[in-house]
Every structure is written in structure tokens, then in C-alpha cells.
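Take a look at the letters that make up each chain.
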Amino acid sequence: AINCAVWIACATAILLKMSVASPLQNTDTLSVKGLVMALRGGDGVVRQSNFKRQLSHDDITSEHHGAPDTADARVFAKADGEHRSLWHDLPLFEFSPTDGKPTGALNFVCEIPKWTRKKFKLATKEPLNPIKQDDSTGYLASFKKGDIYFNLGCFPRTWEDPDHMHPEAGAGGDNDPLDVCEIGMRQIPTGKVRPVKVLGILCVINDAGRADWKVVAIDKDDQWAPVLHDIGDVEKKLPGTLDTLRDWFRTCGLAEGKPPCSFGLDGLFMPRGFSLSIVRSSHASWARLVRGKVDDVQPEAEAAAAADADAA
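Residues numbered from 1 in each chain as written. Predicted model: local features only at pLDDT ≥ 70, side-chain atom pairs only at ≥ 80, totals over all residues. Heavy atoms only, no water.

A. Layout of helix α3 (residues 241–251). Among the residues of α3, those classed as buried are L242, L245, W248, F249 and T251. Tucked into the core, α3 has its buried residues touching β11 (179–182), β12 (193–205), β13 (211–219), α2 (231–237) and β14 (262–263). (Buried < 20%, exposed > 50% of the residue type's maximum accessible area, 1.4 Å probe, protein only. Helix = DSSP H or I, 4+ residues; strand = E, 2+ residues; numbered from the N terminus. Contact = heavy atoms within 4.5 Å.)

B. Spotlight on the packing of aromatic side chains. According to the stated counting rule, one finds 6 aromatic pairs in the structure shown. Measuring from centroid to centroid gives 6.4 Å for W115 and Y149, while their planes differ by 55°, and the two rings are tilted. Note that W115 is positioned in the loop between β7 (102–112) and β8 (120–122) and Y149 in the loop between β9 (131–133) and β10 (151–154), a separation of 34 residues in sequence. Between Y149 and W248, the aromatic rings sit 5.5 Å apart at their centres with planes inclined by 70°, giving edge-to-face as the arrangement. (Phe/Tyr/Trp six-rings, centres within 6.5 Å; stacked < 30°, edge-to-face > 60°.)

C. Spotlight on helix α4 (residues 272–290). For α4, built from 19 residues, the straight-helix expectation of 27 Å at 1.5 Å per residue is met to within 8% by its first-to-last C-alpha distance of 27 Å. Here α4 lies mainly inside the structure; 14 of its 19 residues are buried. Looking one or two residues beyond α4, the residue adopting positive phi is G292, at roughly 85°. (Expected span 1.5 Å × (residues − 1).)

D. Up close: the pairing of β12. The buried count for β12 comes to 13 of 13 residues, which makes it a mostly enclosed element. With 4 bridges connecting them, β7 and β12 associate as antiparallel partners. Looking at the pairing, L106 lines up with V196 of β12. Both β12 and β13 contribute to a ladder of 9 bridges, which runs antiparallel. By the bridge assignment for β13, V196 is matched with D219. In sequence, β12 turns back onto β13 through a hairpin of 5 residues, with G209 there showing a positive phi of about 80°. Relative to β14, β12 is paired through 2 bridges, and the arrangement is antiparallel. Residue pairing across strands places I205 opposite S262, the latter belonging to β14. (Pairing = 2+ DSSP bridges.)

E. Up close: the environment of C154. Residue position: C154 is located in strand β10. With 27 residues separating them along the chain, C154 and C181 place their C-alpha atoms 8.1 Å apart. Beyond its immediate chain neighbours, meaning those up to four positions away, C154 contacts N107, F108, V109, E111, L122, P177, L178, D179 and V180.

Worth remembering: the numbers are spatial, not functional.
Given below as C-alpha cells:
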């Protein structure tokens, strides 16, 4: 068991350093822009069990607050009548609601639906981490290049640590959850959680010189999922998809006056096994950030994710 007082003191120091909102609160209610929300537990006691490993994507519903297309607009997640953090409460790996075992899929949180351009993202510095439109530059941001061709979002319980220098990328992380490009046929709404199969990964170096990894994945129920098991299958079955993805990230900032993005690993899409190692590393970074240790149940889920491709 973790000593709460020591844990809170350590976590507070880390979170202040990284400017990331803590997933745990020790109050009964929380006020966000005048909205009073009940927090999980309800008795003001911080518990490790607040990390509900069995929370399913089917449990998550979206709750919209604030007028659309304003800086106050937020998309909150709810499950079992309580508000949840899509970053901290949702498991990284999908678990079966019937037997509690990992299915081999990972939970994908959609921020920006395909065929749209508004830059929605998890508000990592706000309590409960709702999704909002990026206004860090003083205005509501959109891709000036145009609509994106894929569903863009992130994996929960991951964090790209700026202090972790990946030996092959030669850069630290971008201080955000791990990005995911879901390449399936369907448009996924903002705030929707879907189980996906990891296929590969691209290392984008952003304009701050940080490694901004982009996992390539597909909804496990997509019509192409049964024949896509690794990144090579994407090129064979859906030729041109990977080139389009790479070119999007290379040129997406040009319309805003930014230089083209560069890439680590020679701009190659790395295979599924390498991708899962990046997922594992980013999950470990998240776990150290908010809990001080790596979850001891993850090896079973990681094995199921790896076996999902081997058995296909």
C-alpha cells in the first residue's frame, strides 16, 4: 500500500514541475467554470482503487458543456454516473467486460474526427481532463491545411516524458499523451473511445524539437481490421495510406508559416513490435508520473496485445 501523505507530497512536486493536472483529488466536489461535479469515492479519501482497471469503452458517455465554438466548450467523460478522466481513469488496454481478461486491443480516445479540422485535445492541465479546442495561441485553433484524413487522438494512461531521450529518435517526448492515428473507414466522434489494433508508428519531430510519436492503429471492428496485422499489411492492402499520413504531418504547419516537420528514424513507419515498445515506455512514464510505479498487471495485457497479431 502507498502511504497517502508521502504519495501526495511526491506527486504534487512532480506535477508542479511538469504542469500536468493530477488525476486524483481529495475533495468531494470540484468546480469547473461554475459547474459543480461529484468526484469518485465521494468521501474525500484518496484511494488507489480509483484507477478502475475494468472500466470499458462501452461504459463511457460524453457530456458537453459550454457553447460550441467557444473557449468554454468542453467534452467531459462519464461512466456509472460519475465524471471520469479519459487520460487517467480509462485503462490503456481493453479488458473483457465478461471475464475481466485483456482482449489484445488498446483503448483509443478520439480527439479530432476524420474529415474535420478543429484542433481538439485532452486538457491535461485541467481537472478531469476534458477535451477542448486548443486555444494556447490565444484563438481557437484549426488546421489551416484543411481536414485531416484519419481519426486523431491518443492512448489513455500514456505520457511522452520530455526528460526521456529515446536513443533512436534522439529527442525527448512532447509532454502529452501518446498520439494515435486511427485509419479505419468510420468517422469517430470527439470523446468517443474505441478499441483498436496497433499496426505501426511514425516518429515526428515537432517544431520544438520534441519527439511526437504517431501510433498507426485501426478500430478492431473496422472492415479492414481482419487483414491488417502489422505496418507492412497497410502498404499492401491500402497502398498510399502511409505516404499520405507522413505527408500530412510533414506539411500540416506550412499554412501557418511553420517549416516542414522532420522525422526520426529516417521517416520510416516502424512495425507493430517496435510500436508496442513505445506504448510500453510511455505507459511507464505515465505510471511513474502519477503513481510512482509501473502497474504490475500490464505484462498480461501486453502479452495479449502481442498475441493478437501472432494469432492472426
